[in-house]
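Here is how the chains run, residue by residue.
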Amino acid sequence: ITLREAPVYRVRGKVTGAVWRGSYSDLDLFLVPRADAGGPMLGKTYGRAISQRVGGSHAVQPDGSFELHGVEKGEYELVSSFQAPVARVAVSVTNRDVEGVIVPLGDIVQLSVRFQAERETTGLSCAVLVYPLDNDPALADMAGQTRIDSALIFRAMPGKYAPMVRCQPGNWALKSVR
């Protein structure tokens, strides 16, 4: 690990809208550098995302306000989540603190995923990572594992998503998604 000294800033703002479960203080906030957008799915790494992620578990106060410290200059995506992302906003940090960031919570929908095989099979297990297409996908929004012909339920923001699927044992490829 190599350290360097760099100027850091604060990002302050407020989460608004209805929380679908729990309260504002149950939300997590993550500030992910946009340079890492795409993650392993698009050939990028999480080097900067891991070293510069600030916020984390319960960074939001009961009234919805938040203050993130130690943020370097750069372009970020601020992700609010509660078991799955519930809001995303772009944040640009220049040579000063950023004030008044509004993170509007949107509707949450239920996404049901069921795997089916073209032929009869037993013991097949599938893992899925679901990446958002409406934003710069730095991390998968949803992940899970299930057996063939079983349902996997996700809660997500409305939008477009791309699945990355891996099933075992055997060699299986994704044929269709609907």
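Above: the structure in question.
Structural notes, computed from the coordinates. Quantities reported herein were computed from a predicted structural model and do not represent experimental measurements.

Rules of the game
Residues numbered from 1 in each chain as written. Predicted model: local features only at pLDDT ≥ 70, side-chain atom pairs only at ≥ 80, totals over all residues. Heavy atoms only, no water. Helix = DSSP H or I, 4+ residues; strand = E, 2+ residues; numbered from the N terminus. Pairing = 2+ DSSP bridges. Axes fitted to C-alpha atoms, helices over the stretch in contact; angles between N-to-C directions.

Observations regarding unusual backbone geometry
Pro169 follows Gln168 through a cis peptide bond whose omega is -5°. Summarising the element assignment, Pro169 is placed in the segment after β12 (161-168).

Focus: the sheet that holds β12
With antiparallel pairing, the three strands of this open sheet are ordered in space as β10-β9-β12. Looking at which strands have only one partner, the edges of the open sheet turn out to be β10 (142-147) and β12. Taken pair by pair, the neighbouring strands of this sheet meet at an average axis angle of 20°, ignoring direction. Pairing of strand β9 (residues 125-132) with β10 involves six bridges; the strand directions are antiparallel. Within β10, the position partnered with Val128 by the bridge is Gly144.

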